[in-house]
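So the chains spell out like this:
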Amino acid sequence: MRGLAEVDTVAVIGAGTMGNGIAQVAATAGYDVVMRDVETDLVERGVDAVESSLSRLAEKGEVDDPEAVRARIEGTTDLAAVADADLVVEAVVEEVGVKRDVFADLASVTDDDVVLATNTSTLSVTEIAAATDRPDLVVGLHFMNPVPLMRGVEVVVGERTDPETVAFAHEFAERLGKETWESDDKPGFVTNRILMPWLNEGVRAYDEGVASKEDIDRGMRLGTNVPMGPLELADHIGLDVCLQASRTLHDELGDRYKPAYLLERKVAAGDLGKKTGAGFYEY
């Protein structure tokens, strides 16, 4: 296995919300980053998102040299561009078949001592790893959204993940300024196993008229000392992402994870939260 001291270039697969956030924090930590997606406009949008985020952080004095950070990120649609990466972090759509295809491709183009990490929030790391010739070097690195602001990273241990790979994952996340915790490869891991029922119950409470959306969120903020209530947080995560996670956990763990009806309806209407300008709130 390639040690962390040998990691100079990090490849990030996927330039969406999670991918561009991971690319940004890796570049901020001094790594050269190759951010790859399948279409040029997706890559461009990812790069634009990084530039906007760096600009906001610079205005707050939280990034000293945003231009230097941006210069360390190369956007591309060419899978071959990740061949020389010393570590790969995948952040594509949350569908196991898509992720398995990506990991099979990554195993074929990268050196066989390179760790391949997945940012999956609910799917089996073991199943994803089985698509490669190196399941011992596959690990879950579940970043929280928004990546540049959230301090936590969940390290998920697959059935055949080597203990050295697990230690590597913790140390890499810490190099990015994050704090970590560890989960076995069970559905939803720690965070989404607990978070998704909480979000869904918040949606149900609103749908059933228990309180206004503002009071539901305010009650949870003041009553439990969380920074966001369930409806506001769902909007920030993306209602489509919440729905997909809830469906996956419902399939795996039963009715206590059944998606709330109003969540299904919002997604069907295309109101996905902050990223579309409207969800439970307007943006």
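Residues numbered from 1 in each chain as written. Predicted model: local features only at pLDDT ≥ 70, side-chain atom pairs only at ≥ 80, totals over all residues. Heavy atoms only, no water.

Colleague: Sorry if this is basic, but what is going on with the nonpolar core here?
Modeller: For soluble globular proteins, nonpolar side chains are generally found buried alongside one another. Membership of the largest hydrophobic core comes to 40 residues, with the highest contact counts inside it found for Val-10, Leu-87, Val-89, Leu-141, Phe-143 and Phe-172. With six residues, helix H1 (residues 17-28) is the single largest residue contributor to this core. In this structure, Phe-172 is in contact with Leu-4, Val-10, Tyr-31, Leu-87 and Leu-141, ignoring residues within four places of it in sequence. (Core = buried A, V, L, I, M, F, W, Y, C linked by side-chain atoms within 4.5 Å. Buried < 20%, exposed > 50% of the residue type's maximum accessible area, 1.4 Å probe, protein only. Helix = DSSP H or I, 4+ residues; strand = E, 2+ residues; numbered from the N terminus. Contact = heavy atoms within 4.5 Å.)

Colleague: Which parts of the structure should I look at to understand the UniProt feature "domain: 3-hydroxyacyl-CoA dehydrogenase C-terminal" (unreviewed entry) in the protein chain?
Modeller: Mapped onto this structure's residue numbering, the UniProt feature "domain: 3-hydroxyacyl-CoA dehydrogenase C-terminal" (unreviewed entry) falls at residues 188-283. In residues 188-283, the share of helix is 64% and the share of strand is 0%. The end C-alpha atoms are 29 Å apart. (UniProt positions renumbered as here; feature names shortened; annotations may be inferred.)

Colleague: Mind showing me how you'd approach the packing of aromatic side chains here?
Modeller: Any two aromatic rings considered together are summarised by their centre-to-centre distance and by the angle between their planes. Under the definition given, this model contains two aromatic pairs. Relative to Phe-172, the ring of Tyr-31 lies with its centre 5.6 Å away and its plane at 55°, an arrangement referred to as tilted. Here Tyr-31, found in the loop between H1 and strand E2 (32-36), pairs with Phe-172, found in helix H6 (residues 163-175); they are 141 residues apart in sequence, far enough to count as distant. With relative accessibility at 0%, the residue Phe-172 sits in the buried group. (Phe/Tyr/Trp six-rings, centres within 6.5 Å; stacked < 30°, edge-to-face > 60°.)

Colleague: Can you walk me through unusual backbone geometry in this structure?
Modeller: Cis peptide bonds are those with omega within 30 degrees of zero, and the linkage from Asn-145 to Pro-146 qualifies with 0°. Residue placement: Pro-146 occurs in the loop between strand E6 (138-143) and strand E7 (152-157). Even without being glycine, Phe-189 reaches a positive phi, approximately 55°. Checked against the element boundaries, Phe-189 lands in the loop between strand E8 (179-184) and helix H7 (191-207). According to the relative accessible area criterion, Phe-189 is buried, its value standing at 4%. The phi angle at Asn-225 is positive, at roughly 65°, despite the residue not being glycine.

Colleague: It is not clear to me how the layout of surface pockets should be interpreted in this structure. Could you clarify?
Modeller: If a probe as big as a water molecule is rolled over the atoms, it shows which places are left empty. Its volume calculated, the second largest pocket comes out at about 240 Å³. Along the walls of the second largest pocket sit 15 residues, with Val-25, Thr-28, Pro-148, Leu-176 and Lys-178 positioned nearest its centre. Residue composition of the lining of the second largest pocket, by class: eight nonpolar, three polar and four charged. (1 Å grid on protein atoms, 1.4 Å probe; cavity = no way out; pocket = protein on both sides within 12 Å on 5 of 7 lines; lining within 4 Å. Points joined across faces, edges and corners; volume = space filled by probe spheres on them. Nonpolar A, V, L, I, M, F, W, Y, C, P; charged D, E, K, R; others polar.)

Colleague: How do you make sense of empty space enclosed by the protein when you look at a structure like this?
Modeller: Tallying each qualifying case throughout the model produces one cavity of 30 Å³ or more. As a volume, the largest cavity reaches approximately 30 Å³. Met-196, Leu-199, Asn-200, Val-203, Ala-234, Cys-242, Ser-246 and Leu-263 are the residues that line the largest cavity. Secondary structure elements with two or more residues in the lining of the largest cavity: H7 and helix H10 (239-253). Counted by class, the lining of the largest cavity contains six nonpolar, two polar and no charged residues.

Colleague: It is not clear to me how the domain arrangement of the protein chain should be interpreted in this structure. Could you clarify?
Modeller: Accessible area lost during the coming together of the parts is what is often quoted as the interface size. By domain assignment, the protein chain separates into domain 1 (4-184) and domain 2 (191-276). The interface is formed by nine residues belonging to domain 1 together with eight residues belonging to domain 2. Carbon and sulfur atoms make up 54% of the area that domain 1 and domain 2 hide from each other, which totals about 630 Å². Applying the counting rule to domain 1 against domain 2 returns zero salt bridges. There are three residue pairs in polar contact (both at pLDDT 80 or more) connecting domain 1 and domain 2. A breakdown of the residues in the side of domain 1 that touches domain 2 according to their chemical character gives three nonpolar, four polar and two charged. (Domains from an automatic or database assignment. Buried area = accessible area lost by both parts, 1.4 Å probe. Salt bridge = Lys/Arg side-chain N within 4 Å of Asp/Glu carboxyl O. Polar contact = N/O pair within 3.5 Å; in protein donor to acceptor, adjacent residues only side chain to side chain.)

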